[in-house]
Amino acid sequence: MRADFRIWGLLPAWVIMGFTLIIPIGIVIAVSFAARGAYGGFDWALSGEPYVQILYQVGWTDELEFNPQYLYIIARTLWLAAITTLICMAVSLPVAYYIARQPRAVKAALVYLVTLPFWVSMIVRVYAWLMILGNDGVIEKALVATGLTSGIDSLLFNDGAMLVGMVYSYLPLMILPVFASVEKLDGALIEASHDLYANRWVTLRRVILPLAWPGLMAGAILVFVPCLGAVLEPILLGGGKQLLMGNLIQTQFGGGRNWPFGAAIAVVLMGLVMIVLMARALRDGGRHDAA
Amino acid sequence: MTSRGKAIEVEGVTKDFGTFRALDGVSFDIYDNEFFTLLGPSGCGKTTLLRMLAGFDAPTSGAIRLHGKPILDLPPHKRRVNTVFQSYALFPHMTVEQNIAFGLENLGWPKDRRSARTAQMLEMVHMAQFARRRPDQLSGGQRQRVALARALAPEPEVLLLDEPLSALDLKLRQAMRDELRTLQRQTGITFVFVTHDQEEALDMSDRICVLGQGRIQHLGTPNEIYEDPANRFVADFIGETNFLPVQVISVDGDMASVKTPMGQVVTTLQKAATAGQAATLSLRPEKIGMEDQAVGEIMQGRVTNKNYMGGYTHYTVDVGGTELRVSKRNAISHSQSFEIGREVRLGFRHDSARVLGA
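My aim in this report is to walk through the structure given alongside it, one point at a time. (Residues numbered from 1 in each chain as written. Chains lettered and ligands numbered in written order. Predicted model: local features only at pLDDT ≥ 70, side-chain atom pairs only at ≥ 80, totals over all residues. Heavy atoms only, no water.)

## A word on the sheet that holds strand β20 (residues 354–356) of chain B
One key point about sheets: their strands pair by backbone hydrogen bonds, in either a parallel or an antiparallel sense.
Residue and element names in this part refer to chain B.
Working step 1: Here 5 strands make up an open sheet; going across it, the order is β13-β12-β11-β14-β20 and the pairing antiparallel. The sheet terminates laterally at β13 (265–269) and β20, the two strands that pair on one side only. Averaged over all pairs of adjacent strands, the angle between their axes in this sheet comes to 45°, without regard to strand direction.
Working step 2: Alignment of strand β12 (residues 255–259) against β13, held across 5 bridges, turns out to be antiparallel. Note that in β13 the partner of Met255 across the bridge is Leu269. (Pairing = 2+ DSSP bridges. Helix = DSSP H or I, 4+ residues; strand = E, 2+ residues; numbered from the N terminus. Axes fitted to C-alpha atoms, helices over the stretch in contact; angles between N-to-C directions.)

## Overview of the environment of Pro12 of chain A
Working step 1: Along the chain, the position of Pro12 of chain A falls in helix α2 (residues 11–32).
Working step 2: Measuring from C-alpha to C-alpha, the distance between Pro12 of chain A and Tyr127 of chain A comes to 40 Å, with 115 residues separating the pair along the chain.

## Digging into the sheet that holds strand β8 (residues 190–195) of chain B
Residues and elements named next belong to chain B.
Working step 1: Taken in spatial order, the 6 strands of this open sheet run β6-β7-β8-β3-β9-β10, and their pairing is mixed. Edge strands, defined here as strands with exactly one partner in the open sheet, are β6 (81–84) and β10 (215–220). For this sheet, the mean inter-axis angle between neighbouring strands, taken without regard to orientation, is 20°.
Working step 2: Strand direction decides the pairing type here: strand β9 (residues 207–212) and β10, joined by 5 bridges, are antiparallel. Across the sheet, the residue bridging to Gly212 is Arg215, located in β10.
Working step 3: Packing against the sheet, helix α4 (residues 140–152) makes contact with β6, β7 (158–162) and β8, and its axis sits at approximately 175° to β6.
Working step 4: Helix-sheet contacts for helix α5 (residues 170–187) involve β3 (35–39), β7 and β8, and the interaxial angle to β8 is about 160°. (Contact = heavy atoms within 4.5 Å.)

## Considering the interface of chain B and chain A
Working step 1: Taken together, the contact between chain B and chain A spans 26 residues of the former and 17 residues of the latter.
Working step 2: Carbon and sulfur atoms make up 62% of the area that chain B and chain A hide from each other, which totals about 1,900 Å².
Working step 3: On the chain B side of the contact with chain A, His77, His93 and Phe102 of chain B bury the most area, a combined 28% of that side's loss.
Working step 4: Our enumeration of links across chain B and chain A arrives at 2 salt bridges.
Working step 5: Two residues, Arg206 of chain A and Glu105 of chain B, come together in a salt bridge whose shortest N-O distance is 2.6 Å.
Working step 6: Our count for the chain B to chain A interface comes out at 9 residue pairs in polar contact (both at pLDDT 80 or more).
Working step 7: Put simply, the parts of the chain that give the side of chain B that touches chain A at least two residues each are α1 (46–54), β6 and α2 (96–106) of chain B.
Working step 8: In terms of residue count, α2 of chain B provides more of the side of chain B that touches chain A than any other element does, 4 residues in total. (Buried area = accessible area lost by both parts, 1.4 Å probe. Salt bridge = Lys/Arg side-chain N within 4 Å of Asp/Glu carboxyl O. Polar contact = N/O pair within 3.5 Å; in protein donor to acceptor, adjacent residues only side chain to side chain.)

## Overview of α5 of chain B
Residue and element names in this part refer to chain B.
Working step 1: In this model, α5 (18 residues) spans 26 Å end to end at C-alpha, consistent with the 26 Å of a helix rising 1.5 Å per residue.
Working step 2: Every buried residue belonging to α5 is among Arg173, Met176, Arg177, Leu180, Arg181, Leu183 and Gln184, and all of these are buried. The buried residues of α5 all sit within an arc of 160° when viewed along its axis, so they share a single face. Set apart from the buried face of α5 by more than 90 degrees, the exposed residues are Lys171, Arg185 and Gln186.
Working step 3: Its buried side turned inward, α5 meets β3, α3 (111–124), α4, β7, β8 and α6 (198–204).
Working step 4: Taken from the residues just after α5, Gly188 is the one with a positive phi, measuring 70°. (Expected span 1.5 Å × (residues − 1). Buried < 20%, exposed > 50% of the residue type's maximum accessible area, 1.4 Å probe, protein only. Arc of directions from axis to C-beta.)

Right under this line is the structure:
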């Protein structure tokens with residue numbers, strides 16, 4: 001009776017998960033093995049072609065030539081996501097530490113400020129960076145006003161601008177878990193460290209960092225995973241010249257009219273995310289066994 | 001005492017928190033190899049004083065010297081003192097061994113000397129078999145020992161202890177008192193111990209500094225502080241006592257004659273009494289004898305309350321309208337006990353009472 005209820009009682013959850021998650025993923029996987037339709041869409045036909053297309057292109061003489069252009073995009077995506085994650089980690093630790101050391105009321109206000117950008121549409125926020133970085137933007141005006149320069153080439157439409165946008169977009173997702181772990185850190189531990197002849201640097205490296213590590217790791221997942229699928233920043237700030245995987249997928253379902261290829265890249269992206277999550281889960285499991 | 005070196009000199013230390021004066025011109029010396037206790041109720045400034053010695057707080061004015069050298073300009077990691085924290089503050093991500101070796105690593109001890117010292121400390125606090133454990137796998141008493149070993153390992157000039165026993169249960173606290181005292185004798189390191197527990201202070205200390213309202217109320221040996229308290233605050237804070245409002249008849253040097261509310265004239269040691277003025281007579285409950293133990297100044301009273309405590313029985317006795325607390329040792333099994341309502345004969349020796357300020 002009880003065991004039955006444990007299964008059937010969860011039926012609503014099963015239904016929601018099934019219809020909104022498992023079935024759509026199944027469809028994407030199915031489409032990734034289909035053939036490209038003549039007028040867009042796809043035709044049912046079991047084919048590995050979309051996956052082959054990631055690595056090879058069909059040459060003039062109908063033979064497959066190795067073409068690394070999509071690999072480059074995947075590599076660039078991983079690279080930018082990793083750099084973004086590292087910058088977020090480096091920035092969030094001092095910010096979280098500062099917030100955690102404030103009196104209760106100030107702390108609550110600062111945490112609220114960190115989450116405030118989430119209330120504004122992502123597109124609007126990324127657009128704001130156009131005005132900051134663009135020609136005649138805030139930064140250029142400031143530089144000209146101080147007489148440092150008489151004018152600069154646009155700061156926009158390069159990897160740097162894209163990186164700034166991605167760090168800005170996902171930083172709160174890093175600050176919150178890091179804050180949660182830093183806040184639990186007993187101030188007496190830091191005093192104990194100083195008391196035992198550790199200077200600030202040693203205290204940071206040997207006491208604060210190891211104890212903030214769970215928060216940093218949780219934040220890294222929260223930042224790295226959405227970075228892999230970033231679409232807005234490459235288009236608006238990167239100028240759409242250099243694509244990331246998210247743009248590539250979007251293009252294939254839109255202008256490119258190659259759904260199976262788009263689906264195949266989406267499956268690869270999902271695979272990358274799963275590898276990251278599983279690597280972390282295995283590491284955590286290993287750590288618990290060791291303890 | 002004067003031939004011993006001064007480990008710490010505290011000179012005119014004042015500390016203000018906003019408009020609140022936590023410490024008001026406190027001065028004292030702590031000698032080498034001494035077990036020195038800062039005792040007082042919460043908020044008396046004892047922990048602030050300890051934190052100043054460690055370097056976590058700075059006084060508003062005044063000076064502190066460690067073996068003759070001023071230390072107020074030194075950050076905590078450059079002071080050769082170590083602290084045993086109230087919460088122990090063991091590093092949760094390190095093993096017991098790593099915790100103990102932490103200070104030695106920062107001092108740059110070579111590896112072999114470090115591990116030898118760590119092993120020696122583990123042995124000293126009887127924790128050798130727990131070297132590889134993490135703090136969350138230890139009991140409260142074991143953590144306490146690790147915290148001690150960690151603080152003693154770098155051979156500090158002075159060891160600071162911030163209410164280290166307050167988190168332990170009663171039995172363990174008793175055992176740790178003896179261990180702390182033994183450790184202090186073994187190592188010969190100066191201990192500065194902060195507590196609000198007067199029993200702990202009396203038990204362990206060479207000298208006690210009683211702090212109250214930001215000032216030193218009394219500094220002396222446990223015996224001096226208990227038997228000859230400097231003022232009402234000290235007599236009240238250390239142990240139990242009866243305070244009787246008295247009228248001073250005459251003062252002769254250290255001695256004063258006073259008239260008690262029960263009508264007797266008592267002549268004994270005085271602190272701050274002026275002839276013709278009101279004063280307070282402090283009379284400890286165990287200094288009053290009952291029935292066959294009643295000697296000296298004899299009074300008649302009636303038992304109004306009785307608390308059996310095992311080793312002692314505490315009575316409240318009404319003597320002509322004045323309530324006196326009397327404690328009687330149960331020296332033999334089934335010691336004579338006095339029921340509520342019974343008339344009893346009480347007595348105390350004049351030199352057991354003390355005349356204090358009103």
